[in-house]
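# A closer look at the structure
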Amino acid sequence: MNSFRFDPVELPDSALSFRHAARSFLADELAHERFTPHRNSWGTYDADFSRRCGQHGFIGMHWPQRYGGHEASALDRFVVIEEMLAAGAPMGAHWVADRQSGNNILANGSEAAREKILPQIAAGECFFAIGMSEPNSGSDLASVGMRATRADGGWVLNGTKIWTSNAHQAHYLIALARSEPLGEDRHAGLTQFIVNLRESDGITTRPIYNLYNSHDFNEVFFDDVFVADDMLIGDEGRGWQMVTGELAFERSGPDRILSTYQLLRQLVDAVAKKAEGRDLIAVGRLISHLVTLRRMSLSVAGMLERGESPELEAAAVKDVGTAFEQEIPEIARLLVDVAPSLDNGNPYAEALAKGMLSAPCFSIRGGTREILRGIIAKGLGLR
Amino acid sequence: MNDIRDMILDSAGRLFSDRVNRELWQASEDGGFSDDAWHAVAEMGLTRMLLEEDEGGAGLDVADGLSLAELAGYHALPLPLAETFVGMRLVADRIKVSGEEIIVLAGEHNIIDARLEPAGEGWTLIGELQRIAWGRHAHYVLLDLPARDGDMRRVVVKADRLQWRPDVSLAGEARDSASLDSLALTANAVTATNKTGPSITEWGALLRSLQMAGAMRRALELAVEHANERKQFGRPIAKFQAIQQQLAAMAGQVAAAGAAAAAAARATEGEEPGFMIAVAKARVGEAAGMAAAVAHQVHAAMGFTREHTLHYYTRRLWSWRDEFGTEPYWQDRIGQRICATGGDGMWPFLSDL
């Protein structure tokens, strides 16, 4: 049986100076009222905020300097991200590019793609969308039906992607497509392509409104969309291995713990005013979860920094972390008598409404709870 | 440093595997105490694990040394090793120990109506001790009490001066009570506490958190082994998603418990050790109930028998989570601390931990 390893991590001095830098940047942003902290963080698209993050060196932090990065460590990035999330900073525009697409291109992309795209991402001027799910491929990702066929100097993509956050605003999308007919090994024959959403012909985007009536995700139709050879990521047919590697980054970060942190913050202030025993106990319980999850997430960042592949641990952080995020609105609605409202100006009401209406997606996006538990079960030796 | 720790833990693990079996568990539940097993543990130096090298210890980092408590929990060791090896460290400056002594802890939940009164050169101790783990077998009991000036004192009581009324925990381990009967103490038995270090209650909670993390780790292993061996409907029950999903959820709780306990063990010499210990006891205690429930559900009827070994771990989980403060006790402390920082101050506080 494999067991989980969550070795304790001490933050290096460099991370502490990054924390300081992120805090003063955020204090300045707030002093100038450049964003509303109690709304959403990585779900809020704000291209101007992203550009300012780029100017301050908070995007692509751990990439090499020649690609616009700052050669910082994964732990330095961890600290900056958690500061941004805790402050409710609107990181939605650059979020996907910074968290996973850029890393993927850096590790597996062509030199041309790295030189062209990474500096733009790091500058906070180039945003990405994820092209994995399809109308008929959700949890069963290996069943993707998007076809990639050879063409002169590249490939042509046909098919549909769905639940694509920011496809209507992003510059690029990384599409997972079947480049060889389905054979015995269903994980073989898949390839990832970088698609220029703004300059390619044959792309149609249809908005899909979510539970809180926001236009975040989309359905994206690909009709003979051309992708040049140098926009292929990694070796042809090896897309599956890259996708699963990418998910370790996607699943273990502080973003899987802090989605409803703004509500928790409002809750603490409300409970502090009343200071009743039952409420203090409920808040204390939530904090015991948060502190523990933060140690676990930090520990996974430490493993990623050492070049290990903590897929099991990442799955566990997301499983336990998203359950915690979902619990906060459930408890907040019972402890404080404020009716949820998306836009009445009351920070508690708004944070509660947003928390209630976004909670279902926490244990779905980035791998459903059931898929994650399947991965953990495999690690335990049950499958 | 970690090499020495791993070497000690390896040897300790082998010793526990050799010694801990149904016979030892049963003897302990029958009210006995295996002097032989205790001697073997002491002889290996495990009771002095947290002492400095010049005091006969291993000179380990406290956090590294504390992993012994997790290991003892993993083996459901029916001996007072956890409290003793911490107790040895806490009394090292005033009692010369051989390593064979048994030292136990009385947290604030174990002390009723207690007072410390000055009496001549020494002190008089008044009150009741209740449900002290391993009380009747102990040589010394450690407790913290405020004196009249309001400052905390750390008190060492010689256990053979007390009349113990025996009782047991759900796991059949000794949990004994005694009246202090205006016990006269010498000046040397009462000292000021180290103000920044953990209190006796906190040390106890930390040890139980580590022990529970270990016992849960073992319960998960047993459940996974059972699921792979037990066949129903023509295949191992491990192949059913209903079983896989439950065990995966349990694994998440076990992982959280291990991380919380380890983080608290690293914080004992920090600025506010009580906070991380509160987090650990609250979080691990909550996970323990869920982990025990899933382990039993997966084992079904077989795990509900005395013949199976699962209950030696799960009954300890149920007993340990109640000791040195249940979850609400520690959650309340966390809640008070966080509400004092307020919503805006919460993040700077948490990110510093």
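Presented here is an overview of the structure given in this document. (Residues numbered from 1 in each chain as written. Chains lettered and ligands numbered in written order. Predicted model: local features only at pLDDT ≥ 70, side-chain atom pairs only at ≥ 80, totals over all residues. Heavy atoms only, no water.)

## Observations regarding the overall build of chain B
Quick note on the threshold: Only DSSP runs of H or I with at least four residues qualify as helices, and only runs of E with at least two residues qualify as strands; both kinds are numbered from the N terminus onward. Computation of the radius of gyration draws on C-alpha atoms, with the globule rule given as 2.2 Å multiplied by the number of residues to the power 0.38. Throughout, a residue-residue contact means that at least one pair of heavy atoms, one from each residue, lies within 4.5 Å. Residue-level accessible areas treat just the shown protein chains as cover; the underlying method is Shrake-Rupley with a 1.4 Å probe.
The secondary structure content of chain B amounts to 10 helices and 10 strands. The C-alpha radius of gyration computed for chain B amounts to 21 Å, which stays within 12% of the reference 20 Å derived for 353 residues, consistent with globular compactness. Its C-alpha atoms give chain B principal-axis dimensions of about 80 × 55 × 40 Å. Long-range contacts, defined as pairs at least 24 residues apart, comprise 73% of the intrachain contacts of chain B with a sequence gap of at least 6. For chain B, the computed accessible surface area is about 14000 Å², with 48% contributed by carbon and sulfur atoms.

## What to know about the overall build of chain A
This is how it is decided: The buried label applies to any residue whose accessible area, calculated with a 1.4 Å probe on protein chains only, is under 20% of its type's maximum; exposed applies above 50%, and partly exposed to all values in between. Positive residues here are Lys and Arg, negative ones are Asp and Glu, while His and the chain termini are left out of the count. To locate a charge, take NZ of a lysine, CZ of an arginine, CG of an aspartate or CD of a glutamate.
Counting its regular elements, chain A contains 11 helices and eight strands. Its C-alpha atoms give chain A a radius of gyration of 21 Å, within 12% of the compact-globule value 21 Å for 383 residues. Residues counted as buried form 59% of the 383 residues belonging to chain A. Of the roughly 15000 Å² of accessible surface on chain A, 49% is carried by carbon and sulfur atoms. For chain A, the distance from the average position of its 38 positive side-chain charges to the average position of its 50 negative side-chain charges is 5 Å.

## Points about a nonpolar patch on the surface
Residue and element names in this part refer to chain A. Rules: Residues form patches when they are more than 30% accessible in relative terms and have no salt bridge. Like charges link within 9 Å. Nonpolar side chains (Val, Leu, Ile, Met, Phe, Trp, Tyr) link within 5 Å. Salt-bridge detection follows one rule: a side-chain nitrogen of Lys or Arg within 4 Å of a carboxyl oxygen of Asp or Glu.
A surface patch of nonpolar side chains, amounting to about 320 Å² of accessible area, comprises Leu211, Leu342, Met356 and Leu357. Position of Met356 among the secondary structure elements: in helix 10 (residues 347-362). Note on Met356: relative accessible area 31%, which makes it partly exposed.

## Some details on the side chain of A:Ser179
Residue and element names in this part refer to chain A. The cut-off we apply is this: Nitrogen and oxygen atoms within 3.5 Å of one another constitute a polar contact, given that in protein one can donate a hydrogen and the other can accept it, and given that sequence-neighbouring residues count only through two side-chain atoms.
Here Ser179 is to be found in the loop between strand 4 (172-178) and strand 5 (190-196). Side-chain polar atoms of Ser179 contact the side chain of Thr191, separated by 2.6 Å. Contact partners of Ser179, with chain neighbours within four places excluded, come to Ala148, Trp155, Gly189, Leu190, Thr191, Glu236 and Gly237.

## Brief notes about the interface of chain A and chain B
Counted only if it meets this: We define buried area as the total accessible area lost by two parts upon association, computed with a 1.4 Å probe and summed across both. Three residue categories are used. Nonpolar comprises Ala, Val, Leu, Ile, Met, Phe, Trp, Tyr, Cys and Pro, charged comprises Asp, Glu, Lys and Arg, and polar comprises the others, including Gly.
Taken together, the 43 residues of chain A in the interface contact 44 residues of chain B. Of the roughly 3700 Å² buried at the junction of chain A and chain B (both faces included), carbon and sulfur atoms supply 69%. Counting across the chain A and chain B interface gives two salt bridges. For the pair chain A and chain B, the number of links is 13 residue pairs in polar contact (both at pLDDT 80 or more). Elements that contribute at least two residues to the side of chain A that touches chain B include exactly helix 1 (13-31), helix 3 (74-87), helix 7 (261-274), helix 8 (277-305), helix 9 (311-335) and helix 11 (369-380) of chain A. Top contributing element to the side of chain A that touches chain B by residue count: helix 8 of chain A, with 14 residues. Split into classes, the residues belonging to the side of chain A that touches chain B amount to 22 nonpolar, seven polar and 14 charged.

## Details of the sheet that holds strand 1 (residues 103-106) of chain B
Two pairing modes exist for strands in a sheet, parallel and antiparallel, and in both the strands are linked by backbone hydrogen bonds. Residue and element names in this part refer to chain B. Operational definition: Note: two strands are recorded as paired if DSSP finds a minimum of 2 bridges between them. Simply put, an axis is a line fit to the C-alpha atoms, just over the touching stretch for a helix, and the angle between two N-to-C directions goes from 0 to 180 degrees.
What the four strands build is an open sheet, ordered 1-4-5-8; its pairing is mixed. The sheet terminates laterally at strand 1 and strand 8 (190-192), the two strands that pair on one side only. Between one strand axis and the next, the sheet turns through 25° on average, direction left out of account. The pairing of strand 4 (residues 140-146) with strand 5 (residues 152-158) spans seven bridges and is antiparallel.

## Focus: the pattern of salt bridges
Residue and element names in this part refer to chain A. Across all of its chains, the model carries 50 salt bridges over all chains by this definition. A salt bridge links Arg5 to Asp7, with the nearest nitrogen and oxygen atoms 2.3 Å apart. We note a salt bridge from Glu327 to Arg285, for which the minimum N-O separation is 2.9 Å. Taken as a pair, Glu327 in helix 9 and Arg285 in helix 8 lie far apart in primary sequence, 42 residues in all.

## Here we look at the pairing of strand 6 (residues 203-209) of chain A
Residues and elements named next belong to chain A. As defined by bridge partners, strand 6 adjoins strand 7 (residues 215-228) across seven bridges and the pair is classed as antiparallel. Of the residues in strand 7, the one forming a bridge with Thr204 is Phe221. The hairpin turn running from strand 6 into strand 7, its antiparallel successor, is five residues long, and Asn213 in that turn takes a positive phi close to 60°.

## Description of the packing of helix 6 (residues 200-229) of chain B against helix 7 (residues 241-265) of chain B
All names here are of chain B. Applied cut-off: Roughly parallel means an angle under 35 degrees; roughly antiparallel, over 145; roughly perpendicular, 65 to 115; everything else is oblique. The crossing is said to be left-handed when, going from far helix to near helix, the turn is anticlockwise and less than a right angle, and right-handed when the turn is clockwise.
For the pair helix 6 and helix 7, the least separation of the axes is 9 Å and the interaxial angle reads 155°. By the angle between their directions, the pair helix 6 and helix 7 is classed as roughly antiparallel. Seen from above, helix 6 lies across helix 7 with left-handed handedness. Judged by residue contacts, Leu206, Ser209, Leu210, Ala213, Met216, Arg217, Ala219, Leu220, Ala223, Val224 and Ala227 of helix 6 engage Ile243, Leu247, Met250, Ala251, Val254, Ala257, Gly258, Ala261, Ala264 and Ala265 from helix 7. Grouping the constituent residues of the contact of helix 6 with helix 7 by class yields 18 nonpolar, two polar and one charged.

## Focus on the pairing of strand 3 (residues 154-162) of chain A
Residue and element names in this part refer to chain A. Of all the nine residues making up strand 3, seven are buried; the element is thus mostly covered by neighbouring parts of the structure. Where strand 2 (residues 147-151) meets strand 3, five bridges bridge the pair, whose relative direction is antiparallel. The residue of strand 3 that forms the bridge with Arg147 is Asn158. Between strand 2 and strand 3, which follow one another and run antiparallel, lie two residues, and Gly153 among them has a positive phi close to 75°. Note: strand 3 against strand 7, eight bridges, orientation antiparallel. Bridge pairing in strand 7 places Trp155 opposite Val227.

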